[in-house]
Every structure is written in structure tokens, then in C-alpha cells.
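Tertiary structure, described
Letter by letter, the chains look like this.
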Amino acid sequence: MWTKPTSDAVAETPDVYGAYPRLTDAQLAALAALGTERDIMPREALFVEGERNCDFYAVLDCRVATVEGYQTPGERVISVHGRGRFLGELGLLTGESVFYSAVATAAGRVLAVPVDRLTDLVRRDPAVGDVVLRAFLTRRSILIGLGVGMRIVGSRYSPDTGRIREFAARNRIPSHWLDLDDDKEAEHLLTVLDVRPDETPIVILYGRQVLRNPANAELAAAIGLPAPTVPRAGCELLVVGAGPAGLAAAIVGASEGMDTVVLDAIAAGGQAGSAARIDSYPGFPSGLSGAELARGAELQARQFGAQFAVPAQAVSAELDYGQWTVQLTDGTSVSAGLMIIASGARYRRPAVPRLEHFEPRCVFYAAAQAEAVACRGDPVVVLGAGNPAGQATALLSRYASQVTLIARDHDLGEHMSRYLADRIRLLPNVTILLRAELDGLIGDETLAAVAATDQSGVRHVIDARALFVFIGATPCTGWLGELVALDANGFVRTGQDAEAPIGAVLPHTSWRRSALETSQPGIFAAGDVRSGSTKRVAAAVGEGAMAVRLGLEFLQHA
Ligand SMILES: Cc1cc2nc3c(=O)[nH]c(=O)nc-3n(C[C@H](O)[C@H](O)[C@H](O)COP(=O)(O)OP(=O)(O)OC[C@H]3O[C@@H](n4cnc5c(N)ncnc54)[C@H](O)[C@@H]3O)c2cc1C
């Protein structure tokens, strides 16, 4: 039963990170014009865990607590809010079910605003929009940090546990993983829920709904992530890949009034979505969280009317009656007059024996907060010499007991930005092993150590419970077949570098291929997937935006 904060004397949660700002009287007045004031009684729930399509609430003269597991033995208060504060988090705008309940701690009044009206105000009034969006994004990060949200119960040895955890991380779904191999509570939960070991991993939602080894699409539907919307009649602009390049293309395309569809196989955000911090992005001198960049850009694209089909993987593409048609894994297809390839790249895997044996439980290709926290107190190894390896080292050093960075380079500054190399050299629990080659993974079920041989032939055996790999990227271009010209490494050739394939129909005699145009007139490529690209978020964003402009010019002259 609810025995926690029940009076106005309850202290408000301080606004340390800008997650709980107070609306000004003018902002409250703007909201009041769109909603209705309501009386609430002590212990009345404004919304409960698992509910969807709730209103947006501003607190007028009472206190409201947000609570996980309301009226259950595991109940915990997340935050408490008074006059001028507002409730909700990112899911309110994206349509996800709520991960906690909001309960009045004393009688008073609140202002309820339907979400569609709030969305409209956010678009029209940048002052309100900025306050609400920033708070919602920060609140999502806080929820992830607190481990509020869905429970994943599964063994670290199960690839499906890894898949579900990756899906949660890439989609920024607040979650908490209970490892069946060393968590007593996990075993207990399975007994209580009557789940057989072969039915794991399971996902427990809102304390009551149990999904047995759900596919990504089933999980997405249960959480209320928007269902993949693939228009039957086709669209004007099709963007394949929702990393920074695809998101920028979607924002610009949709804001230019184009009927825009974006596909992504896993989640919006791409590689950037799994990066703990994006450095060197203009306007953010102290870096920017990749997940926030991804979520913010997705929201913006949706606000301009872009449709997202996620998770939806492109498996092939062809020209069909003057339209580019992309087939998806579920057998459906989508067509468009203009297509932008923004399917990016995936990090390479090292050629070392027993790699598959330790993947995905002990070998990682990204280092976001979730992986870093899971390594708390353990020694880990990072492989690679570029900026992603440097950033992973810096992040992991905050949690791991010891981080060893192994690189082939002679000097850390060869491929890593100088400021980053200098920063990690100064970290007390970081060891750097240069001119060395990883050649062994040691351990039975889990990784115990890695072996590396340096240039002088000395073999180093380094304690490690996890290996983080950042050794370059392989382009995600398999789905293109022979549709466009690729370079020797499989990246898409564009501009002068691209030769029109035999049989390609040139739009008109004066036609000249533009900078981001592929060998197929009318198909453009942007971001990491492009041959010779800069492999940076800022570059990907710029190219995504520019590809739309070049595409529109192409259509005008075609
Ligand atoms: C850990 C890490 C840290 C980084 N740090 C920085 C940094 O600090 N600063 C910086 O500037 N850059 C950084 N980068 C690099 C930066 O993230 C990339 O340059 C950028 O994400 C490239 O964007 P993109 O949109 O071109 O491709 P991606 O980000 O690779 O996105 C491509 C998207 O396409 C989807 N996709 C692939 N194939 C298909 C298919 N067949 N069908 C549908 N969808 C598909 C993928 O799921 C993915 O979401 C970092 C990268 C990593 C991994």
C-alpha cells in the first residue's frame, strides 16, 4: 500500500540536471489555454505504469510523486514535484507506455493538456518547446541510470539476452538486466512466474506482463514503440538507415514538405546512438550524448511528419516502373521517387580464435553507459586506435578496475585526436600497449584474459572480463546488390568517383552527377556508408541534409 510521501511537506526533488524545470506563469498560461484544470485527491493516480496516451500534466498547487511499482511491495519513489513543474518524459511524445505512475501526495489542482495539443505548442512556441523537450530527454537518461523500466531476465550466455539488451540500449528503453547466472533474484523470479529455463530470456513489463524470449518487433509493440509504418502507395523520399545521416535527411526532407519514410533495422540513432559521448559536434564544447542526439533528431523528424519504419531491414533494392523499390525482411516493400542510402557501417571483428565463443556476452562493439556499468570493478581491454577506442577507454576507466588499450599504432596520436590521446594517457587505471596485435582470448565460459604480442615478439597476457573492439568499419551495403557502384571495401561511390553502370538511364544530356549522387542517377548516399566519408557525426548530418537538396535539384531537372 501507498505509505510513502502523503503531504505537501514532502520535499521536492531538486532540479540538479535540468530535468525538472519550473514553468513560468506565462508558459502556464499558454498551456492553460489548451487544457483543463482539475482537482485531485491525495493518493489519486494521474496515470499508472503501462498506460498509454496519457495527458501532459502541469502541477498547479499540490505535490505529485512519480513512483515505480505503485502499490506493490517493491514500490519506490522516483521524484516529487510542486507548483510549476510538469510530469511525463520522452515516451509521452513518442507514444510509449509510461514506465512509472504519477500519484498526488496531497489534495490540490493540476492542469491536464492532451498530448496532441502539447505537441502542437512545442512546435509553435520554441520557448516552451525547448524547456519540455530538454527536460523529457534528461528524464529518460535519469530513468535509464536508475534502472527503472522493463526487467530482462536471462543468461549472459544466451545470444537472445544480448539481442534484447542491444535492442533496449539502441532504443533507449529504460531497463534492468538480471543475469540468471549470478543473480539469486532472477532465479526466484522464474520460479514465482512459473517460467521454464528454456523459455528464457524473459522480459517483465510494468511489473505484470511477462514476454517469453520476445522478437524485437513483439517487444516494440508491447512497449508501445510506434509500429513500422510502411506506406503501401509509396512515398516521395525514402531514407534507408536512421543514423545521423538518415535522420538529418529525414528532417530536411520532411521539413521541405516531402512525403518521407525512414527505415532502420534496429533503432534510430545508428552508431552515434550507442556512443556515450559525441565529441567534435559543433555547438557542444563539452560533448553531447549520442543517445540524446539520436532521440532529439528522431523527434524533430517526426514533428515535421517523417514516418519511421523501425525495426525494418532492407534486404534488396531495384528500379521498378520509375520508382526505387526496397524489399524488407518481412516480405513487404516500399517505393519512392528519390532514395538516400544512409545505412552506415558496422565495426570490424578481429581475426582471433574463439571470438564467437565469447560474443556477445564478453566482446562488445560499442561502449555505452550500460556496458560500462556492467563492467564495474572488472579489468577490461579496449582494442583500436581511433577516437571511438579513445572515448570507450575514457568512459570505461570510470567503472572498470583497469583498462588496457591495445593498438597497432606506433603512437596514440596517429589516428586519435590529440586531446583525447592526452586525456587517456593521464588516467591512472589505463595502460596503453602500442605496436601490439591481439592474438588470443583466454577463458572457459567467460573471458578471463586476452593475449597480445608486441612488435618485439613479447607475449602479454592481460586480465580481462570484457573486450571492447573498435578497429574500423564494414559498410552495410549488402542489401544494395549491384544496384550502385561500390569501392574495393564495399563503400558506395559517389560524385566523380562513381561510374554510371551500363544501362543506367541518364536523365538528360546536360546531366552532371552531383557530389553525393551514386552511379545510379537519382540515388544519393550520405554518411559513413559513402566511400571516402569523414566518419564523423557532423559530416554525416551535413551530408544527409545536402543529399536532400541535391535530390530535389535532380527531380526538378529530371
Ligand atoms: C562508440 C562510438 C563513438 C563515436 N564517437 C564519435 C564522436 O565522438 N564524434 C563523431 O563525430 N563521431 C563519432 N563516432 C562515429 C559516428 O557515430 C558515425 O560517423 C556516425 O554515426 C555515422 O552516421 P551514419 O548515419 O552515416 O551511419 P550509422 O550511424 O552507421 O547509421 C546507419 C543506420 O543504418 C541502419 N541500417 C544498416 N543496414 C540497414 C538495412 N539493411 N536496412 C535498414 N537499416 C539499416 C543501422 O541500423 C544504423 O542505425 C562514434 C562511433 C562509435 C561507434
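Structure first, text after, so check above.
Just so it is clear, the model here is predicted, and its values are computed rather than measured.

Moving on: helix 15 (residues 537–557). An ideal rise of 1.5 Å per residue puts 30 Å on 21 residues; helix 15 measures up with 31 Å between its terminal C-alpha atoms. Buried residues belonging to helix 15 abut strand 12 (235–240), helix 8 (244–255), helix 9 (270–273), helix 10 (290–303), strand 17 (333–341) and strand 28 (523–525).

What follows deals with the sheet that holds strand 19 (residues 363–364). Within the open sheet, the five strands sit side by side as 19-26-20-21-22. Their pairing is parallel. Each end of this open sheet is capped by a strand with a single partner; those strands are strand 19 and strand 22 (430–433). Sheet topology places strand 20 (residues 379–383) next to strand 21 (residues 402–406); five bridges connect them, and they run parallel. Looking at the pairing, Val382 lines up with Leu405 of strand 21. Against the sheet, helix 13 (residues 387–396) engages strand 20, strand 21, strand 22 and strand 26 (466–469), with an angle of about 170° to strand 20.

What follows concerns unusual backbone geometry. In this structure, the amide linkage connecting Thr200 to the following residue, Pro201, adopts the cis form with an omega of 0°. Residue position: Pro201 is located in the loop between helix 6 (184–193) and strand 10 (202–205). In the segment running from Val310 into Pro311, the intervening peptide bond is cis, with an omega of -5°. Turning to its location among the elements, Pro311 is positioned in the loop between strand 14 (307–309) and strand 15 (314–320). Of note, Gln71 is a non-glycine position whose phi angle comes to about 60°, a positive value. Relative to the elements of secondary structure, Gln71 occurs in the loop between strand 4 (64–68) and strand 5 (76–81). For Gln71, a relative accessible area of 43% gives the class partly exposed. Even without being glycine, Asp194 reaches a positive phi, approximately 60°. Topologically, Asp194 is positioned in the loop between helix 6 and strand 10.

The rules behind the values
Residues numbered from 1 in each chain as written. Predicted model: local features only at pLDDT ≥ 70, side-chain atom pairs only at ≥ 80, totals over all residues. Heavy atoms only, no water. Helix = DSSP H or I, 4+ residues; strand = E, 2+ residues; numbered from the N terminus. Expected span 1.5 Å × (residues − 1). Contact = heavy atoms within 4.5 Å. Pairing = 2+ DSSP bridges. Axes fitted to C-alpha atoms, helices over the stretch in contact; angles between N-to-C directions. Buried < 20%, exposed > 50% of the residue type's maximum accessible area, 1.4 Å probe, protein only.

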